Amino acid sequence: MSRTPPAPTPVATDLNSRHAAIALGLSLPADVVLYLLLPMYADQFGVTLAEAGMLLAANRLVRIAGYGWVAHFYARHGDRLTCTIAVVAAAFCGLGYATLSGFWALLPLRLVWGLCFAALNLSTQSLATAELVGAARRNGRSRALIATGPVLALPLGALLAHWAGPRAIFGILAVFSLLAVLAARRLPSLPHGAGQKPVRRFKRPNTLDAWSFMEGLTLDGLFIVGLSYLGKDLMPGGAVIVAGALMALRYLAEILLSPVGGHMAERFGAERLLVSLSLATAIALVGFGLGWLWSCAALIVVLRALQLPLLPPIVARRTPGPGRVQALAARSVWRDIGAGTGPLLAGLLLPVVAPPWLYGTCAVLLAVAALACVRKASAPPAEAARTTG
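Residues numbered from 1 in each chain as written. Predicted model: local features only at pLDDT ≥ 70, side-chain atom pairs only at ≥ 80, totals over all residues. Heavy atoms only, no water.

A. Here's a closer look at the overall build of the protein chain. Helices and strands together make up the secondary structure of the protein chain, namely 14 helices and zero strands. Ordered by position in the sequence, the α and β elements of the protein chain form the string α-α-α-α-α-α-α-α-α-α-α-α-α-α. Counting over 389 residues, the protein chain shows a buried share of 58%. Residue pairs at least 24 apart in sequence account for 86% of intrachain contacts in the protein chain once pairs closer than 6 positions are excluded. Within the structure as shown, the protein chain displays about 15,700 Å² of accessible surface, and the carbon and sulfur contribution to it stands at 70%. (Helix = DSSP H or I, 4+ residues; strand = E, 2+ residues; numbered from the N terminus. Buried < 20%, exposed > 50% of the residue type's maximum accessible area, 1.4 Å probe, protein only. Contact = heavy atoms within 4.5 Å. Areas by Shrake-Rupley, 256 points an atom, 1.4 Å probe, with all protein chains shown as cover.)

See the structure below:
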């Protein structure tokens, strides 16, 4: 029989959540810097823009198939072993970005990193929601810690790329990924529940799934690649520095505003806040597509930071008990489907489709998905329980 971990105390829950966030925060920078540099310096990595889009999508797409198996491994073996394996593998991926060229050489690294992120992300969400009381606040603080690594790495990566090319930064970031082992070894080692085998059948998406998909498609896919690609056209000289600063602002906003979003969710309700912020984001996306690139990009990163802590507490409240880990993984899969589709669409459509049409259409779809969550939030508890799937 598998061991079930004892109910954590509030202090232990906060510490576990903090260590998991530090592990992810040290491992994440190589990935986010690649989002900045690969579209701008695709030729120096030996790929085309379309291939760059596929590489940036690959880490998301592999999680669509692999999240269930990662959740199964995580449930059986616990946080310490799972996260230790993930951070070591992430360091090798960073080293590969610094040394390898060509689509087929970089693709395996993107696939491995996708599974690493799945494990680390699942651990941060699971440990932050181990107790429902204060889960939104704890998740906001976790997001702030995770963002610390990228907010420092992006400006450094932009400056190094501008003066010395896009490769050197990844060797530095690989060393920091190895430091994450120290945090991973302090995580609890007990498994989570029985570790049942993942269910392979595809379930019909609910409204939270639809919102997760559109949020990933627009903010983690089209927006990030578009910022790099369109910024290069608007500011050919120093675009990498400006885009790097804005992407760093995205993570700085998480540090400053994700805890605020968590506190706002505790006070006003996570569902209501999720809908309001998503509608504001849709308006900002329209402005981004119309050419107000830098101002609307700054607004989008602020709104995204406020939204980040909202979904895990909603999922945890609607799916209490042992099913929480699988439910969190399921929502992450739908966000990954969207975020994996976004770079593919950006690489294919940005050179041929007018940005107002592309981003305006996505803004409308995001607004529709948010309004669908209004009906979900007002549904009776029994109905909500039936549709969480």
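From this point, things continue past the structure.
B. Just the nonpolar core, in detail. Ranked by size, the top nonpolar core spans 117 residues in total, and within it Val-33, Leu-37, Tyr-97, Phe-170 and Phe-288 carry the most contacts. Broken down by element, this core gets its largest block of residues, 15 residues, from helix 3 (residues 49-99). Not counting residues within four places of it along the chain, the set of residues in contact with Val-33 comprises Ala-153, Leu-154, Ile-169, Phe-170 and Leu-173. (Core = buried A, V, L, I, M, F, W, Y, C linked by side-chain atoms within 4.5 Å.)

C. Highlighting helix 2 (residues 29-40). The terminal C-alpha atoms of helix 2 lie 17 Å apart, and with twelve residues this matches the ideal 16 Å at 1.5 Å per residue to within 8%. In terms of burial, helix 2 is a largely internal element, twelve of the twelve residues being buried. Taken together, the buried positions of helix 2 are occupied by Pro-29, Ala-30, Asp-31, Val-32, Val-33, Leu-34, Tyr-35, Leu-36, Leu-37, Leu-38, Pro-39 and Met-40. (Expected span 1.5 Å × (residues − 1).)

D. Looking closely at empty space enclosed by the protein. A complete count under the given rule lists one cavity of 30 Å³ or more for this structure. Of the volumes computed, that of the largest cavity is approximately 550 Å³. Lining of the largest cavity is provided by 37 residues; of these, Phe-117, Asn-121, Arg-143, Asp-220 and Arg-335 occupy positions nearest its centre. Per-class residue counts for the lining of the largest cavity are 17 nonpolar, nine polar and eleven charged. (1 Å grid on protein atoms, 1.4 Å probe; cavity = no way out; pocket = protein on both sides within 12 Å on 5 of 7 lines; lining within 4 Å. Points joined across faces, edges and corners; volume = space filled by probe spheres on them. Nonpolar A, V, L, I, M, F, W, Y, C, P; charged D, E, K, R; others polar.)

E. Spatial organisation of the packing of helix 4 (residues 103-128) against helix 5 (residues 135-164). In the contact formed by helix 4 and helix 5, the axes pass within 9 Å of each other and the chain directions differ by 150°. Taken as a pair, helix 4 and helix 5 cross one another with a handedness that is right-handed. Counting all contacts with helix 4, which are made through Asn-121, Thr-124, Leu-127 and Ala-128, the residues of helix 5 involved are Ala-135, Arg-138, Asn-139, Ser-142, Arg-143 and Ile-146. Its residues assigned to classes, the contact of helix 4 with helix 5 comprises four nonpolar, four polar and two charged. (Axes fitted to C-alpha atoms, helices over the stretch in contact; angles between N-to-C directions. Left-handed = near helix turned anticlockwise from the far one by under 90°.)

F. Spatial organisation of the environment of Gly-221. Within the secondary structure, Gly-221 sits in helix 7 (residues 207-234). With residues near it in sequence (within four places) discarded, Gly-221 still touches Gly-216, Ala-339, Gly-342 and Pro-343.

G. View of the environment of Pro-150. On the secondary structure map, Pro-150 appears in helix 5. Accessibility expressed as a relative area gives 0% for Pro-150, which makes it buried. Leave out the neighbours within four places in its chain, and Pro-150 touches Gly-25, Leu-28, Pro-29, Val-32, Pro-155 and Tyr-251.

H. Expanded view of the layout of surface pockets. Within this model, the second largest pocket holds a volume of roughly 240 Å³. As for the second largest pocket, its lining consists of 13 residues, of which Leu-26, Pro-29, Gly-149, Leu-152 and Phe-176 are closest to the centre. Looking at the lining of the second largest pocket, the element that brings in the most residues is helix 5, giving six residues. Partitioned by chemical class, the residues of the lining of the second largest pocket number ten nonpolar, three polar and no charged.

I. Seen up close, the side chain of Thr-124. Following the sequence through the fold, Thr-124 ends up in helix 4. Its relative accessible area of 2% is what places Thr-124 among the buried residues. In this structure, Thr-124 is in contact with Ala-20, Ala-21, Leu-24, Ser-142 and Ile-146, ignoring residues within four places of it in sequence.

J. Broad picture of the environment of Leu-61. In this structure, Leu-61 sits in helix 3. Along the backbone, Leu-61 and Leu-111 are 50 residues apart, and their C-alpha atoms lie at a distance of 8.3 Å. Those residues in contact with Leu-61 that lie beyond four places of it in its chain are Gly-340, Thr-341 and Leu-344.

K. Expanded view of the packing of aromatic side chains. Applying the stated criterion across every chain, the model contains six aromatic pairs. On the basis of an interplanar angle of 75° and a centroid distance of 5.0 Å, the ring pair of Phe-288 and Tyr-359 is categorised as edge-to-face. Placement of the pair is Phe-288 in helix 9 (residues 270-290) and Tyr-359 in helix 13 (residues 355-378), with a sequence separation of 71 residues. Owing to a relative accessible area of 1%, Phe-288 belongs among the buried residues under this scheme. (Phe/Tyr/Trp six-rings, centres within 6.5 Å; stacked < 30°, edge-to-face > 60°.)

L. Structural detail: a nonpolar patch on the surface. Judged by side-chain polarity, Ile-172, Val-175, Phe-176, Leu-179 and Leu-182 come together as a nonpolar surface patch covering roughly 460 Å² of accessible area. Classification of Leu-182 by relative accessible area gives exposed; the value is 63%. (Patch = residues over 30% accessible without salt bridge, like charges linked within 9 Å, V, L, I, M, F, W, Y side chains within 5 Å. Salt bridge = Lys/Arg side-chain N within 4 Å of Asp/Glu carboxyl O.)

M. The pattern of salt bridges, seen in detail. Taken as a whole, this structure holds six salt bridges when the rule is applied. The partner of Asp-220 in a salt bridge is Arg-304, and the shortest N-O contact between them spans 3.1 Å. With a gap of 84 residues between them, Asp-220 in helix 7 and Arg-304 in helix 10 (residues 293-307) connect regions that are remote in the sequence. Given a relative accessible area of 7%, Arg-304 falls into the buried group.

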